[in-house]
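Residue-level structural notes
Below, each chain spelled out in residue letters.
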Amino acid sequence: ANKLKNAKLVLLGDVGTGKSSIVLRFVKGQFVEFQESTIGAAFFAQTLSVNDETIKFEIWDTAGQERYHSLAPMYYRGAAAAIIVYDITNPATFTRAKKWIKELQAQGNSNTIMALAGNKADLLEARKVSSEEAQAYAQENGLFFMETSAKTSTNVNDVFYEIAKRLPQA
Ligand code: GDP
Ligand code: MG
């Protein structure tokens, strides 16, 4: 029998790293060069079938601006999964990602599945954060790591698929 499972998921990370673009790619299969910046947070739902289960992701795409920081716990509290996004061409966004991970470890639900996504992987010539460094950090902190590109769609579905596989049995 096909089981239906709901999973609250939140995207966190600096403004401009591509959170909304990852969601747009996953939900609609689209990419836009001039994605409007998110105000507060935006909600999306998308289902994914894995084995004999259908996962309904309830996705909160947060803004990332510091002035909305106090709202973040509303989105990550009780989340089954969090995708923490940085931009591989911008080291400051990797630093910010590590801060989000620390905050989640301190304030979040210890069962939240965390994924670290190094986005804009299509911009290889402009890379400033090595995949080895990010992989090592992820491993030390119990997250899984993938480099993604919302532009070319590389690994975008895979991140959600990996999360789906790690969700607890209903
Ligand atoms: P957010 O603030 O984290 O939601 O970031 P956005 O999704 O609004 O993206 C910020 C900018 O980066 C936009 O101009 C996007 O078109 C661009 N962008 C997002 N993802 C990628 C990607 O994978 N590759 C490239 N080259 N640009 C991207
Ligand atoms: Mg956004």
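Per-chain numbering applies: the sequence of each chain, read as written, is numbered from 1 onward. Here chains are named by letter from A upward and ligands by number from 1 upward, in the order in which they appear as written. The predicted origin of the model limits local features to residues at a pLDDT of at least 70 and limits the giving and counting of side-chain atom pairs to 80 or more, whereas totals for whole chains, interfaces and linings rest on all residues. Side-chain calculation: all heavy atoms of the structure are included, whereas hydrogens and water are not.

**Points about the pairing of strand β5 (residues 113-119)**
The following threshold applies: To sort residues, take the accessible area from a 1.4 Å probe on protein chains only and compare it with the maximum for the residue type: under 20% means buried, over 50% means exposed, and anything in between is partly exposed. To qualify as a helix, a DSSP run of H or I must reach at least 4 residues; to qualify as a strand, a run of E must reach at least 2; elements of each kind are numbered from the N terminus. Any two strands with at least two DSSP-identified bridges between them are counted as paired.
Among the seven residues in β5, seven count as buried, and that is most of the element. Judged by which residues are buried, β5 turns out to be covered on both faces: Ile113, Ala115, Ala117 and Asn119 on one side and Met114, Leu116 and Gly118 on the other are all buried. Sheet analysis places strand β4 (residues 81-87) next to β5, joined by seven bridges and oriented parallel. By the bridge assignment for β5, aspartate 87 is matched with asparagine 119.

**Looking at the layout of surface pockets**
If a probe as big as a water molecule is rolled over the atoms, it shows which places are left empty. Quick note on the threshold: The way it works is a 1 Å grid over only the protein atoms, where trapped points that fit a 1.4 Å probe form a cavity and open points with protein on both sides within 12 Å along at least five of seven lines form a pocket, and then any residue with an atom within 4 Å of a point lines it. Grid points are joined across faces, edges and corners, and a volume is the space filled by probe spheres set on the points. Amino acids are sorted into nonpolar (Ala, Val, Leu, Ile, Met, Phe, Trp, Tyr, Cys and Pro), charged (Asp, Glu, Lys and Arg) and polar (every other residue, Gly among them).
The calculated volume of the largest pocket comes to roughly 380 Å³. For the largest pocket, the lining is made up of 24 residues, of which Gly16, Gly18, Ser21, Gln35 and Lys120 are closest to its centre. The set of elements that each furnish at least two residues to the lining of the largest pocket consists of α1 (19-28) and β3 (53-62). Of all the elements, α1 adds the most residues to the lining of the largest pocket, at three residues. Split into classes, the residues belonging to the lining of the largest pocket amount to six nonpolar, 11 polar and seven charged.

In short, the description is geometric, and any link to function would need to be established separately.
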